[in-house]
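# Coordinate analysis (summary)
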Amino acid sequence: MLQMKKINKNLSDATRLRQLAEDKYKKKHSGKEPFLTESETNKLSHELGVHQIELEMQAEELRLARDEAEIAAEKYTMLYDFAPVGYFTLDHYNTIIELNFSGARMLSESRNDLANSDFSLFVTHDTRPIFNDFMQKIIKSDSKQTCEVRLTTTENPAIFVHIEGIVSREKNKYLVVVVDISDRKLLEEAQTLKYKVKELEYANSAMVGRELKMIELKKEINALLLQMGKEKKYFTV
């Protein structure tokens, strides 16, 4: 009997505790939205599931975009570093900020050693005014400019280069592309020399022909003077 009373008492306490908890919960959430129905719960679960899939798809798209950007950046780096022309970024003092491997080869030094060097010091003295004027035009006009100068180093003979430059998007920086045109210049000079030699040969031929003509005329004049009983006027061979 005592055992039954104890059990009933425990049940009564549990029921009372449950009731107190429910009362407290209702009091805590009084005035708030009622519980969702099963239909509303299913709809919300569906929307949450679709939204999660959308987030996963967006994450996948972002991952693919990141991979494509990394590939593009790698390709750009390869194209920049190993391009057959020299790429330089200069400031308004002609200081080399960045350059690629071809640019370093043109100046016969490593990229690290050339960083912060004055690019204009590699331009020959006779063409340096042309380069300085070229840079001033870029700074003042904000449009692409070109020039042809010679670059020299302590190890190699001077080379002819064609330079194009524009203003960078970064403040006080200028993008310069340098192309070695030494072979073209040598060919142009060889063609010019060939043309000059032909001109000289033609002039010499004309002079020789004129001299021969004058000799013939002198002989004819001398013959006429002799026929007239007079002495020859011109000495001829």
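The rules behind these values
Residues numbered from 1 in each chain as written. Predicted model: local features only at pLDDT ≥ 70, side-chain atom pairs only at ≥ 80, totals over all residues. Heavy atoms only, no water. Core = buried A, V, L, I, M, F, W, Y, C linked by side-chain atoms within 4.5 Å. Buried < 20%, exposed > 50% of the residue type's maximum accessible area, 1.4 Å probe, protein only. Helix = DSSP H or I, 4+ residues; strand = E, 2+ residues; numbered from the N terminus. Contact = heavy atoms within 4.5 Å. Salt bridge = Lys/Arg side-chain N within 4 Å of Asp/Glu carboxyl O.

A few words now on the nonpolar core. Of all hydrophobic cores here, the largest spans 24 residues; its most connected members are Phe-88, Phe-119, Phe-131, Leu-151, Ile-163 and Val-178. Here the element with the most residues in this core is helix H5 (residues 128-141); it accounts for four residues. Apart from residues lying up to four places away in sequence, Val-178 is in contact with Val-85, Gly-86, Phe-88, Met-106, Phe-119, Leu-151, Val-161, His-162 and Ile-163.

This next bit is on the pattern of salt bridges. Scanning the model with the defined rule gives ten salt bridges in all. Among the ionic pairs, Arg-150 bridges to Asp-126, the shortest N-O distance being 3.1 Å. Placement of Arg-150 in strand E3 (residues 145-151) and of Asp-126 in the loop between helix H4 (111-114) and H5 is noted, with a sequence separation of 24 residues between them. Judged by relative accessible area, Arg-150 falls into the partly exposed class, the value being 26%. In this structure, Glu-164 and Lys-144 form a salt bridge, with 3.8 Å as the shortest nitrogen-oxygen distance.

Moving on, we come to unusual backbone geometry. Of note, the phi angle at Asn-94 is positive, near 70°, even though the residue is not glycine. Residue position: Asn-94 is located in the loop between strand E1 (86-91) and strand E2 (96-99). Here Ser-108, not a glycine, exhibits a phi torsion of approximately 60°, which is positive. Along the chain, the position of Ser-108 falls in the loop between helix H3 (101-106) and H4.

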